[in-house]
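The primary structure of each chain is shown beneath.
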Amino acid sequence: KTWAALETAAVRVARDMNPQAVANVMSAYAKLERMPDDKTWAALETAAGRVAREMNPQNVANVMLAYATLQRTPTDRTWAALEIAAERVAPEMNPQAVANTMWAFSKLERMPDDKTWAALETAAERVAREMN
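First, a word on scope: everything that follows refers to the structure included in this document.

Here is what the cut-offs are and how they apply
Residues numbered from 1 in each chain as written. Predicted model: local features only at pLDDT ≥ 70, side-chain atom pairs only at ≥ 80, totals over all residues. Heavy atoms only, no water. Helix = DSSP H or I, 4+ residues; strand = E, 2+ residues; numbered from the N terminus. Expected span 1.5 Å × (residues − 1). Buried < 20%, exposed > 50% of the residue type's maximum accessible area, 1.4 Å probe, protein only. Contact = heavy atoms within 4.5 Å. Polar contact = N/O pair within 3.5 Å; in protein donor to acceptor, adjacent residues only side chain to side chain. Core = buried A, V, L, I, M, F, W, Y, C linked by side-chain atoms within 4.5 Å. Salt bridge = Lys/Arg side-chain N within 4 Å of Asp/Glu carboxyl O.

### A closer look at helix 4 (residues 57-69)
With 13 residues, helix 4 extends 18 Å between its outermost C-alpha atoms, agreeing within 8% with the 18 Å of an ideal straight helix rising 1.5 Å per residue. Among the 13 residues of helix 4, 10 are classified as buried, and the element is accordingly described as predominantly covered. Taken together, the buried positions of helix 4 are occupied by P57, N59, V60, A61, N62, V63, M64, A66, Y67 and A68. In this fold, the buried residues of helix 4 make contact with helix 2 (19-31), helix 3 (38-51), helix 5 (76-89) and helix 6 (95-107). With a side-chain oxygen positioned 3.0 Å from the backbone nitrogen of Q58, the residue opening helix 4 is N56. Once helix 4 ends, the next one or two residues include Q71, with phi positive near 55°.

This is the structure in structure tokens:
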């Protein structure tokens, strides 16, 4: 009953979520290893695609990590938006964001396009000394 109420609420507010809210909700599902129902997932995925252009490095990494953890491949439209966002924020990523984003690509068995790969590679080189 509680999960159903939470999922109903997530669907209701998804269209108004900002990047942080989308990342937090998707990350929570991933952390709990609980796949939301189809309606909730569709609402969250639509929201992720809508706000991707406003995401910061942590938002991008957390959303991509959620997809990978839940073993769900984004729709082509959402994937394109997330990939563009990853390329855009890669210069600002910290070591954890770089690692999580690259792990998500690997786990989802998706190769980034050339521009995104170059941006992530440059980010990895930049933060390599800070990785532990």
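Once the structure has been displayed, the description carries forward.
### Brief notes about the nonpolar core
Among the nonpolar cores identified, the biggest contains 42 residues, and V22, M26, V60, V63, M64, Y67 and M93 are the most heavily contacted of them. Every element with two or more residues in this core is listed here: helix 1 (2-14), helix 2, helix 3, helix 4, helix 5, helix 6 and helix 7 (114-127). Looking at which element gives the most residues to this core, the answer is helix 4, with seven residues. Leaving out residues up to four positions away in the same chain, V60 has contacts with M55, L82, A85, A86, V89 and M93.

### Details of the pattern of salt bridges
Any two side chains of opposite charge can pair if their charged atoms end up close together. In the structure shown here, the tally under the stated rule is one salt bridge. Two residues, K115 and E87, come together in a salt bridge whose shortest N-O distance is 4.0 Å. Placement of K115 in helix 7 and of E87 in helix 5 is noted, with a sequence separation of 28 residues between them. Accessibility expressed as a relative area gives 59% for K115, which makes it exposed.

### Things to note about unusual backbone geometry
Residue E33 is not a glycine yet carries a positive backbone phi of 50°. Relative to the helices and strands, E33 resides in the loop between helix 2 and helix 3. Unusually for a residue other than glycine, E109 sits at a positive phi of about 55°. Mapped onto the elements, E109 comes out in the loop between helix 6 and helix 7.

That is the geometry; function is a separate question.
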